Amino acid sequence: MQTSGWKKFFKLYTKEMWELRPEIFIVLAATLVIDILLYFKAQEFPALAVAPLMMILGLAAFLPFISSFKLLGREWNFNTVYLLLSLPVRGGSILGSKLLALLSQYIIGTVVVSAGGVILAFLLFPEPGLLETLRTLGIDTRIQTMLSSGLLFFLMTLAGMAYVICISFFSQLLGRLVKRFSSLVTAVVFVATFWLMGKAMNPLWQQLENYNQVHLNQYNFSLAALNQVLGISTLIMMAGAAIVFIAAVLVYNHKIEL
Amino acid sequence: MIEFKEVSKSFGSTVALDNVSILFPKGKIIGLFGPNGAGKSTSMKLIMGLNRCDQGEVWVDGQSPQNKKQDVAYLPEIDYLYPWMNIAQAADFIRTFYADWDEAKYRELVQYLNLREDMKISKISKGQRAKTKLLLTVSRRAPYLLMDEPLSGIDILTREEIINTLIKDYREGEQTIIISTHEIAEVESLVDEVIFLDRGQIRLGGNAEDLRVERNMSLVELMKEAFRNAD
């Protein structure tokens, strides 16, 4: 019986998630240990909890980028690329499943760390309460505000991560086209692609910056404008990620050989 | 039918195949023989779509190899399975991609080859890895079976098991098996057709039995003679 394309994609995705287990476990374990430690040790100076939490959040956000090199590079290092290339699936599925797995790793890591941080904050700031403290600082703490802006901000970082991972895939694949100095080529292509894409997207960022200056300044701030900026930033980065992803798939489908 | 039309392939300054035209007939066991560096593995990879020709064309049933991966089962010389998987996980992974996976045959072969599904690929011996690769390739009812050096570095008992497995399930006239090896004596009795490759060119080719009768030599002797004349 013919297996559907989705089933094949899901099987590839499951395999990638299995390979990412150690990194996901590291973030979960580190979050648990640090949160427990901070709960007991930072009662007197709750503000001290911010730095370690930021560090662990940084780790959760940065690891998928490192893992992107492991996930693709390993296929060559372990010769499993022979199996991968002989499967009746195209580069879109292979690279798409890897991208999705890395984004899943990012989501799991950042959500768990953030959730841990929020719970810890509520526990460490019992009186007059975290929300009250935020309100006195002039921060809008209404649930819809937190949800809409928070979600849009998260989507923007997710799109940014997808963009960086796609550049990582593209540069690694180009690096594999040469027999010698593969790592050097990967590094050069990575920097060059980042720079080139930055140049290409610059007019869009410039327009957004102009909008920012008019609608988001110390005299004129609206939540709708902030959400608009976050949304447009997400779309720009998603477009950038899509362009680089398509380029990577084309290299995989038409240039990669063993 | 697999067809090579004036195929050339180089890797840097090394010529792997030099303007080669080959016709692999359907439903036969074909031996692709030659010393190391003859171009056997490159030929396999071209059929599988893992390499692309510099010049010429490769056709599998009239289509590009990239579009026929579904119909070709490939056993490469190197270990290509995920080391963290066990045999059951590797089988589960591979079976998802192929409609021709034969579960009953897989179950039977696990027993026949003295393997266990919970064996972790990174922990098993070289012979067991060779048998695992064979198991996962032969468990498919693919019209084409490519085996690149399946006996390389394998002890004599395991070699026998591998050859017996191939004979056991071969569907004559239906399935095409291409075996590349430089250990001809082991597969001499198995092959219907032979192609002797050396330095990217065909030295000799044809029906194995006809060649043996015509020249009154075994395939090993034939290869020696073909390559001696080439020098």
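Above this text you will find the structure in question.
These figures come from a predicted structure and were not determined experimentally. (Residues numbered from 1 in each chain as written. Chains lettered and ligands numbered in written order. Predicted model: local features only at pLDDT ≥ 70, side-chain atom pairs only at ≥ 80, totals over all residues. Heavy atoms only, no water.)

Colleague: Mind showing me how you'd approach the overall build of chain A here?
Modeller: Within chain A, the secondary structure is distributed over nine helices and zero strands. Reading chain A from its N end, one meets helices and strands in the order α-α-α-α-α-α-α-α-α. The principal-axis extent of the C-alpha atoms belonging to chain A is close to 65 × 45 × 45 Å. Counting every position in chain A, which comprises 258 residues, the buried fraction comes to 45%. Nonlocal contacts in chain A, meaning residues at least 24 apart in sequence, comprise 81% of its contacts between residues at least 6 apart. As presented, chain A carries roughly 14,000 Å² of accessible surface, and 73% of it is formed by carbon and sulfur atoms. Taking the average place of the 17 positive charges on the side chains of chain A and the average place of its 11 negative ones, the gap between the two points comes to 16 Å. (Helix = DSSP H or I, 4+ residues; strand = E, 2+ residues; numbered from the N terminus. Buried < 20%, exposed > 50% of the residue type's maximum accessible area, 1.4 Å probe, protein only. Contact = heavy atoms within 4.5 Å. Areas by Shrake-Rupley, 256 points an atom, 1.4 Å probe, with all protein chains shown as cover. Lys, Arg positive; Asp, Glu negative; His and termini not counted. Charge placed at Lys NZ, Arg CZ, Asp CG, Glu CD.)

Colleague: Would you explain the sheet that holds strand 1 (residues 2-11) of chain B in this entry?
Modeller: By way of backbone hydrogen bonds, the strands of a sheet pair with one another, either parallel or antiparallel. Residues and elements named next belong to chain B. The three strands lie next to each other as 2-1-4, forming an open sheet whose pairing is antiparallel. Looking at strand neighbours, the two that pair on one side only are strand 2 (14-24) and strand 4 (55-60), the edges of this open sheet. For this sheet, the mean angle separating the axes of adjacent strands, direction not counted, is 25°. With seven bridges joining them, strand 1 and strand 2 adopt antiparallel strand pairing. Paired with Glu 3 across the strands is Leu 23, a residue of strand 2. Strands strand 1, strand 2 and strand 4 of the sheet are contacted by helix 1 (residues 40-48), whose axis makes an angle of about 120° with strand 1. (Pairing = 2+ DSSP bridges. Axes fitted to C-alpha atoms, helices over the stretch in contact; angles between N-to-C directions.)

Colleague: Is there a simple way to think about the interface of chain B and chain A in this case?
Modeller: Where the parts come together, the accessible area they lose is often given as the size of the interface. Every contact between the two is made by 29 residues of chain B and, on the other side, 30 residues of chain A. Roughly 2,700 Å² of surface becomes buried between chain B and chain A when both sides are summed, with 60% attributable to carbon and sulfur atoms. Our enumeration of links across chain B and chain A arrives at two salt bridges. In this structure, the salt-bridge partner of Lys11(A) is Asp92(B), at a minimum N-O distance of 2.6 Å. Put simply, chain B and chain A have 14 residue pairs in polar contact (both at pLDDT 80 or more) between them. At the level of elements, strand 1, helix 1 and helix 2 (87-95) of chain B are the ones that each hand at least two residues to the side of chain B that touches chain A. When residues in the side of chain B that touches chain A are grouped by element, the largest group, five residues, is from helix 2 of chain B. Of the residues in the side of chain B that touches chain A, the class split is 17 nonpolar, five polar and seven charged. (Buried area = accessible area lost by both parts, 1.4 Å probe. Salt bridge = Lys/Arg side-chain N within 4 Å of Asp/Glu carboxyl O. Polar contact = N/O pair within 3.5 Å; in protein donor to acceptor, adjacent residues only side chain to side chain. Nonpolar A, V, L, I, M, F, W, Y, C, P; charged D, E, K, R; others polar.)

Colleague: Teacher, can you tell me more about the side chain of Ser86(A) here?
Modeller: Here Ser86(A) is to be found in helix 4 (residues 81-86). Here Tyr82(A) takes part through its backbone oxygen, which lies 2.9 Å from a polar atom of the side chain of Ser86(A). Non-local contacts of Ser86(A), meaning those with residues more than four positions away in its chain, are made with Met48(B), Leu50(B), Lys69(B), Tyr74(B) and Tyr98(B).

Colleague: What is the right way to read empty space enclosed by the protein from this model?
Modeller: Where empty space is left becomes clear once a probe the size of a water molecule has been rolled over the atoms. Going through the model one piece at a time under the given rule, you end up with three cavities of 30 Å³ or more. In this structure, the largest cavity encloses a volume near 100 Å³. In this structure, the largest cavity is lined by Leu83(A), Ser86(A), Leu87(A), Val72(B), Ala73(B), Tyr74(B), Tyr80(B), Ile94(B), Tyr98(B), Leu136(B), Thr137(B) and Arg140(B). Ranked by residues supplied to the lining of the largest cavity, first place goes to strand 5 (residues 72-75) of chain B with three residues. (1 Å grid on protein atoms, 1.4 Å probe; cavity = no way out; pocket = protein on both sides within 12 Å on 5 of 7 lines; lining within 4 Å. Points joined across faces, edges and corners; volume = space filled by probe spheres on them.)

Colleague: I would appreciate a short explanation of the environment of Leu81(B) in the present structure.
Modeller: Within the element layout of this structure, Leu81(B) appears in the loop between strand 5 and helix 2. For the pair formed by Leu81(B) and Leu145(B), sequence separation is 64 residues and the distance between their alpha carbons is 17 Å.

Colleague: Honestly, the nonpolar core in this entry has me stumped. Any pointers?
Modeller: For soluble globular proteins, the rule of thumb is that nonpolar side chains tend to be buried together. Judged by nonpolar contacts, the single largest core of 131 residues is most densely connected at Phe4(B), Phe24(B) and Phe196(B). Composition of this core by domain shows at least three residues from each of domain 1 (1-140) and domain 2 (142-258) of chain A. Membership of the second largest hydrophobic core comes to 11 residues, among which are Val27(A), Ala42(A), Ala49(A) and Leu120(A). (Core = buried A, V, L, I, M, F, W, Y, C linked by side-chain atoms within 4.5 Å. Domains from an automatic or database assignment.)

Colleague: Quick question: what am I supposed to make of the sheet that holds strand 9 (residues 201-207) of chain B here?
Modeller: Residues and elements named next belong to chain B. With mixed pairing, the six strands of this open sheet are ordered in space as 5-6-7-3-8-9. The outermost strands of the open sheet, each flanked by one partner alone, are strand 5 and strand 9. Here the average twist between neighbouring strands, direction ignored, is 15°. Here strand 3 (residues 29-33) runs beside strand 8 (residues 193-198); their pairing, made up of four bridges, is parallel. The residue of strand 8 that forms the bridge with Leu 32 is Ile 195. In the packing of helix 4 (residues 126-138) onto the sheet, the strands contacted are strand 5 and strand 6 (144-148), and the crossing angle to strand 5 comes to about 180°.

Colleague: Sorry, what's going on with the packing of helix 8 (residues 182-215) of chain A against helix 9 (residues 223-254) of chain A here?
Modeller: The angle between the axes and the distance between the axes are what describe a pair of packed helices. Residue and element names in this part refer to chain A. Where helix 8 meets helix 9, the closest approach of the two axes is 11 Å, and the angle between their N-to-C directions is 170°. On the basis of the axis angle, helix 8 is roughly antiparallel to helix 9. The element helix 8 and its partner helix 9 pack so that their crossing is right-handed. Each of Thr 193, Met 197, Met 201, Leu 204, Trp 205, Leu 208, Tyr 211, Asn 212 and His 215 in helix 8 lies in contact with helix 9, whose residues at this interface are Ala 225, Gln 228, Val 229, Ile 232, Ser 233, Ile 236, Met 237, Gly 240, Ile 243 and Val 244. Taken together, the residues of the contact of helix 8 with helix 9 break down into 13 nonpolar, six polar and no charged. (Parallel < 35°, antiparallel > 145°, perpendicular 65-115°, else oblique. Left-handed = near helix turned anticlockwise from the far one by under 90°.)

Colleague: Would you take a moment to explain the packing of aromatic side chains for this structure?
Modeller: Any aromatic ring pair is given by two values, namely how distant the centres are and how the planes are angled relative to each other. As enumerated under the stated definition, the model contains 17 aromatic pairs over all chains in all. Taken together, a centroid distance of 5.2 Å and an interplanar angle of 75° make the contact between Tyr39(A) and Phe40(A) edge-to-face. A residue is classified by how much of its surface remains accessible, and Phe40(A), at 59% relative accessible area, is exposed. Their ring planes at 50° and their centres at 5.9 Å tell us that Tyr163(A) and Phe194(A) sit as a pair that is tilted. Placement of the pair is Tyr163(A) in helix 7 (residues 143-176) and Phe194(A) in helix 8, with a sequence separation of 31 residues. Classification of Tyr163(A) as buried rests on a relative accessible area of 7%. The exposure class of Phe194(A) is partly exposed, given its relative accessible area of 35%. What links up through ring pairs into an aromatic cluster is the set Phe62(A), Phe65(A), Phe69(A), Tyr163(A), Phe190(A) and Phe194(A). Sitting over the face of the ring of Tyr106(B), Arg95(B) holds its NZ or CZ atom 5.8 Å from the ring centroid. Sitting over the face of the ring of Tyr98(B), Arg140(B) holds its NZ or CZ atom 3.4 Å from the ring centroid. (Phe/Tyr/Trp six-rings, centres within 6.5 Å; stacked < 30°, edge-to-face > 60°. Lys NZ or Arg CZ within 6 Å of the ring centre and 35° of its normal.)

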